[in-house]
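One letter stands for each residue in the lines below.
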Amino acid sequence: MDKTLNEQELVDYIGSKTKATPQDIRLVLKHEQAYIDNAHKGAKGDIDIDSDDLVDYVMSRKDVKLDELTVENILDSEMDYLMKKGLAGYMD
């Protein structure tokens, strides 16, 4: 299984699930990455992300003009993609 992230494939996947534009998807993912970069890593290097906090963070960015449901759907679709690729998972 390929463990590298193909951004274009990811954007296409999310677009097929959400009908969001590639520009909107990339914008949400860019803000998500900034949020993750500032998150506290656990002892194992895992990052515990609260999805509600993440959505609130993305929604608070001035350049995001999407509704909350669209942002949630983009992030959920990204997680589905990452889990299918074996690049992410949910913590118990």
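Residues numbered from 1 in each chain as written. Predicted model: local features only at pLDDT ≥ 70, side-chain atom pairs only at ≥ 80, totals over all residues. Heavy atoms only, no water.

Draft legend 1. Here's a closer look at the layout of surface pockets. The volume enclosed by the largest pocket comes to roughly 780 Å³. Looking at the lining of the largest pocket, the elements with two or more residues in it are α1 (7-18), α2 (22-38), α3 (51-60) and α4 (68-84). Split into classes, the residues belonging to the lining of the largest pocket amount to 15 nonpolar, three polar and seven charged. (1 Å grid on protein atoms, 1.4 Å probe; cavity = no way out; pocket = protein on both sides within 12 Å on 5 of 7 lines; lining within 4 Å. Points joined across faces, edges and corners; volume = space filled by probe spheres on them. Helix = DSSP H or I, 4+ residues; strand = E, 2+ residues; numbered from the N terminus. Nonpolar A, V, L, I, M, F, W, Y, C, P; charged D, E, K, R; others polar.)

Draft legend 2. Spatial organisation of the packing of α3 against α4. It is the contact of α3 with α4, at a shortest axis distance of 10 Å, that shows an interaxial angle of 125°. Considering their axes alone, α3 and α4 lie oblique with respect to each other. For the pair α3 and α4, the crossing hand works out as right-handed. Facing α3, whose interface residues are L54, V55, V58 and M59, α4 presents E68, V71, E72 and L75. (Axes fitted to C-alpha atoms, helices over the stretch in contact; angles between N-to-C directions. Parallel < 35°, antiparallel > 145°, perpendicular 65-115°, else oblique. Left-handed = near helix turned anticlockwise from the far one by under 90°. Contact = heavy atoms within 4.5 Å.)

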